[in-house]
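One-letter residues, chain by chain:
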Amino acid sequence: MTVEEKSRMARLVMDEVRKVIVGKDDCIEKVMAAVLAGGNVLLEDVPGVGKTEMAIAFSRAFGLQSNRIQFTPDVMPADITGFSMYRKETGKFVYYPGVVMCNLLLADEINRTSPKTQSALLEVMEEGSVTVDGVTRQVPKPFVVLATQNPVGASGTQRLPEAQMDRFLICISMGYPSVEDEVALLKSRHGNRPLDSVEPAADPACLLQMQAETEKIYIHDTIYRYLVSLADATRAHEHLELGLSPRGTLALGRMAQAYAFLQDRDYVVPGDVKKALPDVGIHRIRLNQKAKLNERTAAELLEEILRRVPEPKPGEKY
């Protein structure tokens, strides 16, 4: 299968997701790019805008084995990683898998569980494996986590610290639909359940091939310099006390490669990087007191940095 055929298959997957998520094509493309880049996604938005349905639609369109866990304060790390139980009849310990033993995990309201449980999931996301009673087991491949977090209703929540937020490749917000899109949404659900119409457009093996092709996308030295210049600008900005980490710069490059793949290109252009920065950076930067006093937002500052840092031109030596 050629790169163009794999890219076309990725677009077919997005078409299937659009059967469920109306008027949010940009969000669908962002999640797809993150999946192609082998990353995890944090969907941060108010309840009821379709975060959970998007995750389920992607799992069905890719034919992935999926699990879902609703985080509450009483969810334990063992619910995530699994546990061993002694079987008297055999005289042996038997491992019972946790919810991470799947291809796509939907972690609903990750900020409503304890830091200990959050850490158990984030460790699996980083290591790609689970260790229980000294035995390490690999999670199935591909493995993707789509976590949701509600920014409202802070009672009983445990906000993820910056070091843990950094584990997510991107953080996006879906937002409310337009009036026209919401009307179309209501019509599509009149006597129907759109999720039932989602059909597999790819399979896990195909997704692994897509991820491998995405990783091969060429990045020129001038683009590497552009990536680092953007990251450095966040670290030196007068309104930021925390800028992009080197992990954030790597994430920016991976997302740029994914956007290039979706455009049937085997190389990254500055536009791919500019498109990726807001979602890669918004959860990795922290505003200082001066920014808060001036009522600046993280999104505004990232757009300002994109304007400040000169974009490399074709043939230019950086």
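Below, the structure is looked at part by part. Treat the numbers as computed from the prediction; the structure is a model and nothing was measured. Along each chain, the written sequence defines residue order, and numbers are assigned to residues from 1. Thresholds applied to this predicted model are a pLDDT of at least 70 for local features of residues and 80 or more for the giving and counting of side-chain atom pairs; totals over whole chains, interfaces and linings are not thresholded and use all residues. Note: side-chain values were computed over all heavy atoms of the structure, leaving out hydrogens and water.

Time to look at unusual backbone geometry. A cis amide bond links lysine 141 with the next residue in sequence, proline 142, at an omega value of 0 degrees. The phi angle at glutamate 109 is positive, at roughly 55 degrees, despite the residue not being glycine. Despite not being glycine, glutamate 295 shows a phi value in the positive range, around 55 degrees. Mapped onto the fold, glutamate 295 is located in the loop between α12 (289–293) and α13 (298–308). The numbering of helices and of strands both runs from the N terminus, where a helix is a DSSP run of H or I of at least 4 residues and a strand a run of E of at least 2.

Moving on to the nonpolar core. Among the nonpolar cores identified, the biggest contains 74 residues, and Val31, Met32, Phe58, Phe62, Leu230, Met255 and Val273 are the most heavily contacted of them. Sort the elements by how many residues they give to this core and helix α10 (residues 246–262) lands first, with nine residues. Excluding anything up to four places from it in sequence, leucine 230 contacts Leu252, Val273, Leu277, Ile305, Leu306 and Val309. Counting residues in hydrophobic clusters, the runner-up holds 27 residues, among them Phe71, Val100, Val145 and Phe168. By convention a nonpolar core is built from buried Ala, Val, Leu, Ile, Met, Phe, Trp, Tyr and Cys residues, the set being connected through side-chain atoms within 4.5 Å. Working definition: with a 1.4 Å probe on protein chains only, accessible area under 20% of the residue-type maximum means buried, over 50% means exposed, and in between means partly exposed. Throughout, a residue-residue contact means that at least one pair of heavy atoms, one from each residue, lies within 4.5 Å.

Turning our attention to the pairing of strand β8 (residues 144–149). Burial analysis of β8 places six of its six residues in the buried class, the great majority of the element. Alternating positions in β8 separate into two faces, Val144, Leu146 and Thr148 on one and Val145, Ala147 and Gln149 on the other, with burial throughout. In this structure, strand β1 (residues 41–44) lies alongside β8, joined through four bridges in parallel fashion. Counterpart to valine 41 in the pairing with β8 is leucine 146. A pair of strands is labelled paired if DSSP reports no fewer than 2 bridges between them. Where strand β5 (residues 104–108) lies against β8, four bridges are found, and the strand directions are parallel. Directly across from alanine 107, in β8, lies its bridge partner alanine 147.

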